[in-house]
Amino acid sequence: MRFFKKDSPTPGHGKGGRHGNNNNNNNNDVGVIADHHRKAMYHWQSEGSKKSSVDDMVLLTKITEDAITDNLKRRLMEDKIYTYIGPVLVAVNPFKQLPYFGDKELEMYQGAATYEVPPHIYAVADTMYRNMLIDSDNQCVIISGESGAGKTVSAKYIMNYITKVSQGSSKVQHIKDIILESNPLLEAFGNAKTTRNNNSSRFGKYIEIQFSRGGEPLGGKISNFLLEKSRVHSLNDGERSFHIFYQLCAGADSNMGEQLGITTPDYFQYLAQSDVYKVDNMNDAHEFQETLNAMNVMGITEDTQLDILRIVAAILHMGNITFAEQGNAAYIVSPDYLAFPAYLLGVSAEALGQKLVSRVFDSKWGSKSERVDVTLNMEQAQFTRDAWTKGLYAQLFDYIVETINKAMMTDANLINLGILDIYGFEIFGKNGFEQFCINYVNEKLQQIFIDLTLKSEQEEYNAEGIQWKPIKYFDNKIVCELIESKRPPGIMSILDDTCATMSAKSEGADEDFHRKMESQVGTHHHYQKFNQGFMIKHYAGNVSYHIDGFCEKNRDVLFPDIIEVMQSSTNPFICSLFSDGAQGGGKGRPGVGTKARYEGKGRPTTAGMKIRTQANELVTTLTKCVPHYIRCIKPNETKKPHDWDNQMAKHQVEYLGLKENIKVKRAGFAYRRPFHKFLQRYAILSPQKLANSPSNPTQAIDSIMATINMDRDQYQIGYSKVFIKDPESLYMIEECRERKLDYYIRVIQNAFRKFFCKQKSNKVAMEASQLFLNRKERRENSLNRNFHGDYIGMDFRPALSALIPRREKVLFALTVDKLDRQFRKSKRDLILTKGGLYLIGLVKIKKGPEKGKIVQALKRKIDLENVTQATLSTLRDNLVVIHVRNDYEMVLEVEFKAELIMLLNRELKKHHKRELPLNFTNNITYSVKKMRWGMNSQKKLVFTTGTGKEPEFVSSGNTLTIKVPPGLPNTSWPTGKRVITPDIRMLGATLNASSNKKLPVHKKRTPPNHHPSPPASHHSPPAGNQRAAPGFPPRPIGQPPRPSLGLTSHFPLRPTMPPPSPSPSFNPSRPPMGTESPPTTRNGSASGGGGGGGGSGRPMMPGQNRFVARNPSFNNPSPIRPPMHQIRPPPPPSDPPPEDQPTVGTRPPFGVRPPVPLNKPKPKKPQVRALFDYNARDSDEMSFSAGDVLDLEEEGEC
């Protein structure tokens, strides 16, 4: 077995059009196109002998940030946006649509090894999917990068690939539709335009697709994290709010717009803050229709869809409510703006206005409690309005996520494939609480990447005793502890303590939080204070956070009196969003708390607590999966294609740790598995039983590697795991396993097919025998034979196939003997289709330029619906009389009559709803075609029991008497066991003996390119050597048959019937059977085997075929030549020969040794020996006799 290393071109295999992209140390790529169809390749796949960049940066000659950045830049300029670092995929955002994500790529990457195809996100998706099925382990892909790097698009491509390559029923297809349609729905409510990304995810999501063991998606689950609710009411310059607001304004029709009060976006204060209403390459009206369609797929009714849009519109209208202040008390400037949001929310305008400018506080004095209504100032009223709209939107978003989860929910215990698409690292001019939480989650994800790709890998090598040189890297665990630690308290703990002790009014809380941080974490190396906030040294760089609003945003609560107003709504949908079950403060509906939270029963849950809890739960979930990584790079801030900001890209390369990752991969191992898992999968490769023994796994692994010729430097065996260095080595093991499985599968398939065919053959044999049971005697070996149907070889006889309709399937084809009005036999090809019976024979053209040429012609056609009856005798003969409606009968001698009658009966029942009437009698009267006036058209067949071995035909006037030897009883029934006759047994013994001999080595010779010959039992008897039966009138004597120089496959051979006993009316040209005469060898001496004359070869004539007779007497047959045994070629091993076929040879009597054959010269060409006589029937055929030695010529030599 050939073993491919990384520095050599590897031939691609599998799906069409794959490349084997292999790089050497000179950064050159050799593209090997393996597909023999030579499919058209995209320009990015058609590589020359040299490339300006490498596909896998492990192969870079210099491992520096500059070299990595330069390689990524070169690839982006060539529209190659994907690059590998071992199994890690680096994706650069091209800021344009590329044509590399169609059905062609779906097919190309399915089941392909990574070295066979260029780097692509489909390769990562396929690796995840295949590993999930192979190992039955949960898989996940972590897509990381800063905002605008292309994480959301990458997640969509993975989901699209997984749903396309997985199979399933209509129910599975429905789950696929839900998975795909969840993207536009979640993007509409959760994505927005920022200064860095036109479709930025303002929430994090982890999508789990649940698969069956067979790879069918049966369900799924979406977990959402930290929706940026503040975007509802607060926008920075150049940004937009969530897409759904603009989609509603652009896509609502006149009726919906009137019902919801929708107009242009600049009317609404929440949307007019940034003066940005449209985004390049984004059609809000079209995407609004996609959002509505996605709701339909999720099973959201039209009424519920309208309720959802009512809430969206109500939020926009509430943003137009403005406040003024008088005497430190806020009031609403224009109460008219209360009417429409109150109408949309199903509440009264008075209640809505009252709760915007006042707040109810519950106070306790001992056992007494009372509610105090406190008037708010203008700042507090604006905060209440914004908190109300944020709470409404958060509840609505959580409802949409829950609806998607319910549509995909399944109770089965399945394996999962997770896709993490979370907000990227953000550094803005002014960073607040939202950026602090977002960057914290990204810090946690970076910690996972470090732990699993850098830290844990090196620790694993040391624990397993693998030779390894440690590599230094930055561990950001210290930054995570600065933010989330409880003891000593981190920034989040300090913030929660500050929020717990702050009063109803938030004045001074942020400054108090600032002072506490300075006193508790001020000495930390990654923390630095400044006047308006603090700075943290993140893995991605230093980020300054302004503390304004930190405490208020961290509390993230709705006041109880606002919740009570929502629960009093006349809209049931809105009531359900704020019901007690939805207010538990749990994971389902964050942001809304129960009344108990505001009555002093425990510390309320803050936004910081939620994001910290969710981040740790996410990390726990990811560590239980086999991770895959996609590191997204943003090349510029202009969002233009082919624009490269080298300093910006280099900064991302540094903080993503790509250089350290390359170093670890260059020195590490691409694959590792515990002993039991490795042996469980690859033990099939070892020929020894040791591979399945857990007592000595290292010896078993060495045995497997030796079996596939794996180099010792390509793997190492640790204490509990085996490590394989290069991916190509793993692919070779997989390929060997697939070949082994393919071999075993073929063995099983062959055994099943053999069993199935035997069962089918037995069923057909019983069906045929049922028609003759207790009605007709049977011939020996006819009960248990196989039914082949086509005994002529119609596939190799186009001239014969052209005489029947093209679209009719041939059910039965056999050369038969037709009895004419004088009881003479003539050869015909009988063909049965679903349309009718066709009788084809040879005719001589009498006119035209081809006058005298013998061609095949249709002699008679009988439509199946006109077949009225079949008449047979009760004896074992082969005569069948076919009765035709309003026409004369047809008398045939059919060797396989049971099969013909069974197929006729089956087709009549199938297409004409009737069975074939069968008449069994020994006195048959039938009519023939009248040729002239006064001729008797009635003929008679009389069957009697004879004493010979073969039927005897004696004609007298209009009566033909057939003396039939006794056959098997008419009660005979198939046994299901195939009969192996002595000639087949002898042939098998000969083949086994020859296969066991050590053959000499000959010079390789091109085999003759000839058409396959049909089975021997299908051949027609020689026309020129036809023997007349006793009592038959002699065949009209015409011109002697022309000597032929060729034998073609147009007229396949049929063995001759054994000659009957001599009779006065029978004058054969050869002595009858039984006259023993030793056959001659090629040089004329006697021998124990048949042979022919040994003359030298004659020149090839024009039109002569590749079979050349070596017997010089074949053109001048002599009546005194020694007789040959009339033997047939053996039929296929599964088909027992007819009873009248003699065996290939007769066992010599005991004690008589056959003569020793003479030393014959070695033939220069392959030779065959004729087993029977054949007289040419056409000009392009040749005649030969049994025992003649024929040379096999190649097609080009003829």
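No experiment lies behind these values; they were computed from the predicted model shown. (Residues numbered from 1 in each chain as written. Predicted model: local features only at pLDDT ≥ 70, side-chain atom pairs only at ≥ 80, totals over all residues. Heavy atoms only, no water.)

### Some thoughts on the confidence of the model for the chain
Per-residue pLDDT for the chain averages 78, and the proportion of residues at 70 or more is 75%. For the chain, the element scoring lowest by mean pLDDT is strand β2 (residues 29-30), at 33; strand β27 (residues 879-884) scores highest, at 96. pLDDT under 50 marks residues 997-1138. Its contacts with residues more than four places away, or in other chains, come to 295 contacts. This stretch, residues 1140-1148, has a pLDDT under 50; its non-local contacts, to residues over four places away or in other chains, come to 18 contacts. (pLDDT = per-residue confidence, 0-100. Helix = DSSP H or I, 4+ residues; strand = E, 2+ residues; numbered from the N terminus. Contact = heavy atoms within 4.5 Å.)

### Points about the sheet that holds strand β28 (residues 890-893)
Backbone hydrogen bonds hold the strands of a sheet together, and the pairing may be parallel or antiparallel. Overall, mixed pairing links the 8 strands, which are arranged β25-β24-β23-β22-β28-β27-β26-β29 in an open sheet. Bordering the open sheet on either side are β25 (854-863) and β29 (918-920), each of which pairs with just one other strand. For this sheet the average axis-to-axis angle between neighbouring strands, irrespective of direction, equals 35°. Each of β22 (810-819), β23 (825-833), β24 (836-844), β26 (867-872), β27 and β29 touches helix α28 (residues 897-912); the most contacted strand, β22, lies at about 125° to it. (Pairing = 2+ DSSP bridges. Axes fitted to C-alpha atoms, helices over the stretch in contact; angles between N-to-C directions.)

### Things to note about the pairing of β27
Burial analysis of β27 places 6 of its 6 residues in the buried class, which makes it a mostly covered element. Neither face of β27 is open: one carries Leu879, Val881 and His883, the other Val880, Ile882 and Val884, and all of them are buried. Strand direction decides the pairing type here: β26 and β27, joined by 4 bridges, are antiparallel. Residue pairing for β27: Gln869 is matched across the bridge by His883. What sits between β26 and β27 in their antiparallel hairpin is a turn of 6 residues. Bridge count between β27 and β28: 4 bridges; the pairing is antiparallel. Within the sheet, the bridge partner assigned to Leu879 lies in β28 and is Glu893. Connecting β27 to the antiparallel partner β28 that follows it, the hairpin turn spans 5 residues, and Asn886 within it adopts a positive phi of roughly 60°. (Buried < 20%, exposed > 50% of the residue type's maximum accessible area, 1.4 Å probe, protein only.)

### Remarks on the packing of helix α6 (residues 243-251) against helix α9 (residues 284-297)
Helix packing geometry: the angle between the two helix axes and the distance between the axes. Relative orientation of the contacting elements α6 and α9 amounts to 105°, with a least axis distance of 8 Å. By the criterion of interaxial angle, the relationship of α6 to α9 is roughly perpendicular. Judged by residue contacts, Ile244, Tyr246, Gln247, Leu248, Ala250 and Gly251 of α6 engage Asp284, Ala285, Glu287, Phe288, Gln289 and Thr291 from α9. Here the residues of the contact of α6 with α9 sort into 6 nonpolar, 4 polar and 2 charged. (Parallel < 35°, antiparallel > 145°, perpendicular 65-115°, else oblique. Nonpolar A, V, L, I, M, F, W, Y, C, P; charged D, E, K, R; others polar.)

### Some remarks on the nonpolar core
Phe189, Phe245, Leu248, Phe436 and Phe534 are the most contacted members of the largest nonpolar core, which has 180 residues in total. Looking at this core, the element that brings in the most residues is helix α13 (residues 378-408), giving 11 residues. When near neighbours in sequence (up to four residues on either side) are disregarded, Phe534 contacts Phe436, Ile491, Phe513, Met517, Tyr527, Gln528, Lys529, Val543, Ser544, Tyr545, Ile547 and Phe550. (Core = buried A, V, L, I, M, F, W, Y, C linked by side-chain atoms within 4.5 Å.)

### Considerations on the packing of aromatic side chains
Counting across every chain of the model gives 30 aromatic pairs. The interplanar angle of 25° and the centroid separation of 6.0 Å between the aromatic rings of Tyr527 and Phe534 together place this pair among those described as stacked. Relative accessible area serves as the criterion here: at 0%, Phe534 is assigned to the buried category. Seen from their ring centres, Tyr791 and Phe812 are 6.0 Å apart, and the 65° between their planes marks the pair as edge-to-face. (Phe/Tyr/Trp six-rings, centres within 6.5 Å; stacked < 30°, edge-to-face > 60°.)

### Some points on the environment of Trp973
Mapped onto the secondary structure, Trp973 falls in the loop between β33 (959-964) and α29 (982-996). For Trp973, a relative accessible area of 34% puts it in the partly exposed group. Placed 199 residues apart in sequence, Trp973 and Asn774 show a C-alpha to C-alpha distance of 10.0 Å. With sequence-adjacent residues up to four places away left out, Trp973 is seen in contact with Met766, Ser769, Gln770, Leu773 and Leu783.

### A closer look at a nonpolar patch on the surface
On the surface, Tyr743, Tyr744 and Val747 cluster together into a nonpolar patch covering about 310 Å² of accessible area. Mapped onto the elements of the fold, Tyr743 is located in helix α26 (residues 727-772). (Patch = residues over 30% accessible without salt bridge, like charges linked within 9 Å, V, L, I, M, F, W, Y side chains within 5 Å. Areas by Shrake-Rupley, 256 points an atom, 1.4 Å probe, with all protein chains shown as cover. Salt bridge = Lys/Arg side-chain N within 4 Å of Asp/Glu carboxyl O.)

### Comments concerning the state of the cysteines
Tallied over the full model, the rule gives 0 disulfides. The closest cysteine sulfur to the non-disulfide-bonded Cys140 is located on Cys625, 4.6 Å from its own sulfur. Distance from the sulfur of Cys551, which forms no disulfide, to the nearest cysteine sulfur (Cys499) is 4.4 Å. Accessibility expressed as a relative area gives 1% for Cys551, which makes it buried. (Disulfide = S-S within 2.5 Å.)

### Topic: the sheet that holds strand β15 (residues 527-530)
Pairing in this open sheet of 3 strands is antiparallel, and the strands run β15-β16-β17 from one edge to the other. Here the strands that pair on one side only, and so sit at the sheet edges, are β15 and β17 (541-546). Geometrically, the sheet is characterised by an average inter-axis angle of 25° between neighbouring strands, direction not taken into account. When strand β16 (residues 533-538) meets β17, the two strands line up antiparallel, connected through 6 bridges. Along β17, the bridge assignment pairs Gly533 with His546. Sheet strands touched by helix α15 (residues 477-484): β15 and β16. Its angle to β16, the strand with the most contacts, is close to 150°.

### Looking at empty space enclosed by the protein
Scanning the entire structure with this criterion turns up 7 cavities of 30 Å³ or more. The wall of the largest cavity is formed by 22 residues, among which Leu226, Leu227, Lys229, Asp556 and Ala607 lie closest to the centre. When contributions to the lining of the largest cavity are tallied by element, the ones reaching two or more residues are β9 (217-225), α13, α14 (433-464) and α21 (607-623). Looking at the lining of the largest cavity residue by residue, the class counts come to 10 nonpolar, 4 polar and 8 charged. (1 Å grid on protein atoms, 1.4 Å probe; cavity = no way out; pocket = protein on both sides within 12 Å on 5 of 7 lines; lining within 4 Å. Points joined across faces, edges and corners; volume = space filled by probe spheres on them.)

### Topic: the pattern of salt bridges
Following the criterion strictly, the structure yields 39 salt bridges and no others. For Asp70, the salt bridge goes to Arg74, with nearest N and O atoms at 2.8 Å. Residue Asp70 and its partner Arg74 are located together in helix α1 (residues 65-77), separated by 4 residues, close to a single helical turn. Residues Arg906 and Glu767 are paired through a salt bridge, measuring 2.7 Å at the closest nitrogen-oxygen approach. Highlighted residues: Arg906 in helix α28 and Glu767 in helix α26, separated in sequence by 139 residues. On the basis of relative accessible area, Arg906 is assigned to the partly exposed category, the value being 30%. Assessed through its relative accessible area of 26%, Glu767 is described here as partly exposed. What emerges from the salt-bridge pattern is a single network uniting Arg202, Glu228, Arg231, Glu239 and Glu426.

### Observations concerning the side chain of Asp817
Assignment of secondary structure puts Asp817 in strand β22. A distance of 2.5 Å separates a polar atom in the side chain of Asp817 from a polar atom in the side chain of Lys827. Discounting chain neighbours no more than four positions away, the residues touching Asp817 are Lys825, Ser826, Lys827, Val891, Leu892 and Glu893. (Polar contact = N/O pair within 3.5 Å; in protein donor to acceptor, adjacent residues only side chain to side chain.)

### Let's talk about α28
Spanning 16 residues, α28 covers 21 Å between terminal C-alpha atoms, matching the ideal 22 Å at 1.5 Å per step. Here α28 has its buried residues at Lys897, Ala898, Glu899, Leu900, Ile901, Met902, Leu903, Leu904, Asn905, Glu907 and Leu908. Immediately beyond the C-terminal end of α28, within one or two residues, lies Lys913, with a positive phi of roughly 55°. (Expected span 1.5 Å × (residues − 1).)

### Comments concerning the pairing of strand β5 (residues 139-144)
In terms of burial, β5 is a largely internal element, 6 of the 6 residues being buried. Residues of β5 alternate between two faces, with Gln139, Val141 and Ile143 on one and Cys140, Ile142 and Ser144 on the opposite face, all of them buried. The pairing of β5 with strand β18 (residues 626-633) spans 6 bridges and is classified as parallel. Within the sheet, the bridge partner assigned to Gln139 lies in β18 and is Val626.

### Section: unusual backbone geometry
Following Arg487, the chain continues into Pro488 via a peptide bond in cis, with omega recorded as -5°. Here Pro488 is to be found in the loop between α15 and α16 (491-501). Although it is not a glycine, Lys639 adopts a positive phi angle of roughly 60°. Within the secondary structure, Lys639 is located in the loop between β18 and α22 (646-655). Residue Asn781 is not a glycine yet carries a positive backbone phi of 70°. Assignment of secondary structure puts Asn781 in the loop between α26 and α27 (798-801). Looking at Asn781, the relative accessible area reads 18%, which means it is buried.

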